[in-house]
Amino acid sequence: MSTLLDVRNVSKRFTTGGMMNRRSVQAVEKAGFAMSAEMPEIFTIIGESGSGKTTLARMILGLEEPSEGEILVQEKRVDGRAGRASRLDFMANVQPVFQNPFEAFNPLKRIDRYLESTARRFLPDPDRATIEAAMDAALQKVGLSLAEVGGRFPHEMSGGQLQRAAIARALIPNPRLLIADEPVPMVDASLRMSIVNLLRSLRDDYGVSVIYITHDLATAYYISDRLMIMQRGRIVEIGPGHAVLDTPEHPYSRLLKAGVLSTADAGAGRLSIDPDIIAAAETLSRRPGRLEDRDDGRRVMVHGSAPNAAG
Amino acid sequence: MTDYIWFLAKRAALLVAVIFFGVSAAFFITHLSPIDPVETALGRISSQASFSPQAIAEMRQTLTELYGTDAPVLSQYGNFWRRLLVGDLGPSLIAFPTPAMTLVMQAMPWTVALLVISTLITFVLGNLLGGLAGYNQNNALFKSLGMLAISLQPIPYYVVAFILLILFGFVWPVLPISGGYAMTVTPGLNLPFVLSVLNHAILPALSLVLVGFGSWFLGMRALVSNIVTEDYVTYAELAGVRKSTIVGSYVMRNALIPQITGLAMTLGTVFSGTVITEEVFNYPGLGSLLIDAVFEGDYALVLAVSSISVVAVAGAIFVVDLLYPLLDPRIRSE
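As a convention, each chain's residues are numbered from 1 in the sequence order in which they are written. Here every chain gets a letter starting at A, and every ligand a number starting at 1, in the order they are written. In keeping with the predicted nature of the model, local features appear solely for residues at pLDDT of at least 70, side-chain atom pairs appear and are counted solely at 80 or more, and the whole-chain, interface and lining totals rest on all residues.

Draft legend 1. Expanded view of the overall build of chain A. Helix numbering and strand numbering both begin at the N terminus, where a helix is a DSSP run of H or I of at least 4 residues and a strand a DSSP run of E of at least 2. Helix and strand content of chain A: 12 helices and 12 strands. For this measure, only C-alpha atoms enter the radius of gyration; the expected value for a globule follows 2.2 Å times N^0.38, where N is the number of residues. On C-alpha atoms alone, chain A measures out to a radius of gyration of 21 Å, which is about the 19 Å that the 2.2 N^0.38 rule sets for 311 residues. Viewed in the frame of its principal axes, chain A has a C-alpha envelope of about 65 × 50 × 50 Å. Residues with at least 20 neighbouring C-beta atoms inside 10 Å of their own are called buried, those with 12 or fewer are called exposed, and the rest are partly exposed, where every C-beta is derived from the backbone. Buried positions account for 40% of the 311 residues belonging to chain A. The contact criterion used is a C-beta to C-beta distance within 7 Å, with each C-beta placed from the backbone. Long-range pairs, those at least 24 residues apart, make up 65% of the contacts in chain A with a sequence separation of at least 6.

Below, the structure is given as structure tokens:
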């Protein structure tokens, strides 16, 4: 079995401040997981803001250098400082989709010109007809068409349409892996599901693997094959999506699940979370731990011999 | 296209309104001034020789009739607009009977050239370096340029002008510090004259450039450092787009749009800066002319200079406005 993506024991430490007040932040600590090249899947990374999920995505894209460990895409090491040719080679396989669709395109450039230059750059034989065909095909996959998008500037489209166009741009090179960093929070609730469904159809119909980064448990539960929960840069639980979210084991995972708003609870005026879980998740985040295998295929972080406060 | 014509018509109407109110304000301010041009002229004449009180009274009456200062302000205002529409701003009172317009037209090329050249240099230099500084935030050279810009930017025009005057006129006297050209050359299209003009323009232009540079530099640096964090720039970097293309067509072009607005808005300020700078360097432009006219109570000339400046600045802003939709597609759909 060959791997599409192999993240090996990756850590990232950021140092901020000048000489006097140097501080370092451990953004990602010894993260490791792999995705198979044969079986396309949706791999979800869940965590609160600052949990290191975006830093991990940026390292996979080569925008940040890992402080320790290495990341392999199709058995080749990701190198942010690589030359233009190997960058293009990498981008043909891995494409990003960003959080804010309004920032994903240069406001002064027409969207079809974007798609066109992407097509020209990545297609092996770029003549007029194949470029247009590739643009239209990519737009069809996301439920748009060249006739709809042609000649329009980003401000002339809605957030949902723009996010679809951003995904279409990412699909033009026929990538094996799509890295979607919180692709839905900025679009309307009604469009959220259509984007999530789009990711699912990319996996099922076009064989694209997706790393879906989010803090929204509902959509994660809906589309994930596997998921990984991160807290303060550490993986605390990783495994099959439904298994992990049905019965979360690590206190932080349980805290996340308890934090999901339900209309029933809100209606009953019950929106507080059991303070014991919050305290347990907080204490454990500072204690060393290691990942242990469980029978259902998940791995959970266990924290030394200290008594587990929340059982 | 019809959108653009509609946009043009709206801006043109605005231009007319701005000119009307600006010129009217100039008219009323000069006519409410406590300096009476008749008395100033009498003072000037009687300082040359002594006249009998009777002669002075007669002169006062003649001058008052000539200048038309005894008519009510509102009827003077009406006459003023009637004459202005045919391009006549009346005779100058100090250089009577030379038309004020002639004096303005003599001084105008000096100011326009100084203003246009120094504004262009400042705008291009400030934005280019500021943009590069925003993109290469950790570069030591650009960091020190930023320090320089921060320290220069708050200094007023006249202080910079005097410092340059002292530095290059007395400490290291290499540049002419007064006038528009040397006495020894004959005005006209000949090489010595052109060189002399350029040589004399260095210090006034430099003082305008030094002061203007800082705000363009700092503004552009801030704009660019915001834009480089946007996702489309990250995407372009990921996709291996050439660095020069990213800086030029993704970052700088987008950051320039608010700067163009800034250009339109600073034109007026730069003009008033030129007035002071010209006075310091005794440059034969509109600024020096205006200050002389104010002190002599020559309100025909003051009005002429201010009306022309209102028209020129408003016109320049109008042109910048017209460029706007060509640069930013988001304006067109408005």
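What follows picks up the thread again.
Draft legend 2. How the structure looks around the packing of helix H10 (residues 243-280) of chain B against helix H12 (residues 299-327) of chain B. Residue and element names in this part refer to chain B. Only C-alpha atoms enter the line fits that serve as axes; for helices the fit covers just the stretch in contact. Angles between N-to-C directions range over 0 to 180 degrees. Running from amino to carboxyl end, H10 crosses H12 at an angle of 175 degrees, the nearest separation of the two axes being 10 Å. On the basis of the axis angle, H10 is roughly antiparallel to H12. Across the interface between the two elements, Ile257, Ile260, Leu263, Ala264, Leu267, Gly268 and Phe271 from H10 touch Ser309, Val313, Ala316, Ile317, Val320, Asp321, Leu323, Tyr324 and Leu327 from H12. Three residue categories are used. Nonpolar comprises Ala, Val, Leu, Ile, Met, Phe, Trp, Tyr, Cys and Pro, charged comprises Asp, Glu, Lys and Arg, and polar comprises the others, including Gly. Of the residues belonging to the contact of H10 with H12, the class tally is 13 nonpolar, 2 polar and 1 charged. When an angle is under 35 degrees it counts as roughly parallel; over 145 it counts as roughly antiparallel; between 65 and 115 it counts as roughly perpendicular; any other value is oblique.

Draft legend 3. Summary view of the sheet that holds strand E6 (residues 94-97) of chain A. Residue and element names in this part refer to chain A. Strand order in the open sheet formed by 8 strands is E6-E7-E8-E3-E9-E10-E12-E11, with mixed pairing between adjacent strands. Of all strands in the sheet, those bounded by a partner on one side alone are E6 and strand E11 (290-293). Going across the sheet, the axis of each strand differs from the next one's by a mean of 20 degrees, ignoring polarity. Summarising the sheet, E6 and strand E7 (residues 177-181) pair through 4 bridges and their orientation is parallel. Residue pairing in the sheet places Pro96 in a bridge with Ile179 of E7. Along the sheet, helix H7 (residues 189-206) contacts strand E3 (42-46), E7 and strand E8 (209-214); its crossing angle with E8, the most-contacted strand, is approximately 160 degrees. By definition, two strands form a pair when at least two bridges between them are found by DSSP.

Draft legend 4. Quick peek at the confidence of the model for chain B. Known as pLDDT, the predictor's per-residue confidence is scaled from 0 to 100. Of all residues in chain B, 99% attain a pLDDT of 70 or more, and the chain-wide mean is 85. Within chain B, helix H13 (residues 329-332) of chain B has the poorest average pLDDT of any element, 71, and helix H5 (residues 100-135) of chain B the best, 90.

Draft legend 5. Examining the interface of chain B and chain A more closely. With 15 residues of chain B at the interface, the matching set in chain A holds 19 residues. When residues of the side of chain B that touches chain A are traced back to their parent elements, those giving at least two are helix H9 (231-238), H10 and H13 of chain B. By residue number, the principal contributor to the side of chain B that touches chain A is H9(B), which donates 5 residues. Per-class residue counts for the side of chain B that touches chain A are 6 nonpolar, 4 polar and 5 charged.

Draft legend 6. Structural detail: the sheet that holds strand E4 (residues 68-73) of chain A. Residues and elements named next belong to chain A. Ordered by their spatial adjacency, 4 strands build an open sheet running E2-E1-E4-E5, and the pairing between neighbours is antiparallel. The open sheet has two edge strands, strand E2 (23-36) and strand E5 (76-77), and neither has a second partner. By the bridge criterion, 10 bridges tie strand E1 (residues 3-16) to E2 in an arrangement that is antiparallel. Of the residues in E2, the one forming a bridge with Val10 is Ala31.

Draft legend 7. Up close: the nonpolar core. In this description, a nonpolar core means buried residues of the types Ala, Val, Leu, Ile, Met, Phe, Trp, Tyr and Cys, linked to one another by C-beta atoms lying within 7 Å. Among the nonpolar cores identified, the biggest contains 150 residues, and Ile211(A), Leu301(B) and Val305(B) are the most heavily contacted of them. Looking at this core element by element, the count peaks at 13 residues for helix H8 (residues 191-227) of chain B. Not counting residues up to four positions away in its chain, the partners in contact with Ile211(A) are Phe43(A), Ile45(A), Ala57(A), Leu177(A), Ile179(A) and Ala180(A).

Draft legend 8. Up close: the packing of H5(B) against helix H6 (residues 140-152) of chain B. Residues and elements named next belong to chain B. Two elements in contact, H5 and H6, have axes whose closest approach is 9 Å; the angle formed by their N-to-C orientations is 125 degrees. The orientation of H5 with respect to H6, classified from their angle, is oblique. Like other packed secondary-structure pairs, H5 and H6 cross with a definite hand, here left-handed. Between H5 and H6, the residues in contact are Leu129, Leu132 and Ala133 and Phe142, Leu145 and Gly146, respectively. For any helix crossing, the convention is left-handed if the near helix is rotated counterclockwise from the far helix by under a right angle, and right-handed if that rotation is clockwise.

Draft legend 9. Up close: unusual backbone geometry. All names here are of chain A. Unusually for a residue other than glycine, Lys30 sits at a positive phi of about 45 degrees. Take Lys30: it is sitting in strand E2. What makes Lys30 partly exposed here is the crowd of 16 C-beta atoms within 10 Å. Although it is not a glycine, Glu182 adopts a positive phi angle of roughly 45 degrees. By the secondary structure assignment, Glu182 is in the loop between E7 and H7. In this structure Glu182 comes out as partly exposed when scored by C-beta crowding, with 19 C-beta atoms within 10 Å.

Draft legend 10. Region of interest: helix H12 (residues 275-284) of chain A. Turning to H12(A), its buried residues number three or more, namely Ala280(A), Ala281(A) and Leu284(A). Projected down its long axis, H12(A) shows its buried positions confined to an angular sector of 95 degrees, all on one face. Regarding the arc, it is the one traced by the directions from the helix axis to the C-beta atoms.

Draft legend 11. Just the pairing of E8(A), in detail. Residues and elements named next belong to chain A. With respect to burial, E8 is a largely interior element, 6 of its 6 residues being buried. Two elements, E3 and E8, share 5 bridges in a ladder whose sense is parallel. Bridging across to E8, Ile42 finds its partner in Val210. Bridge analysis of E7 against E8 gives 5 bridges, and the strand direction is parallel. For Leu178, the partnering residue across the bridge sits in E8 and is Val210.

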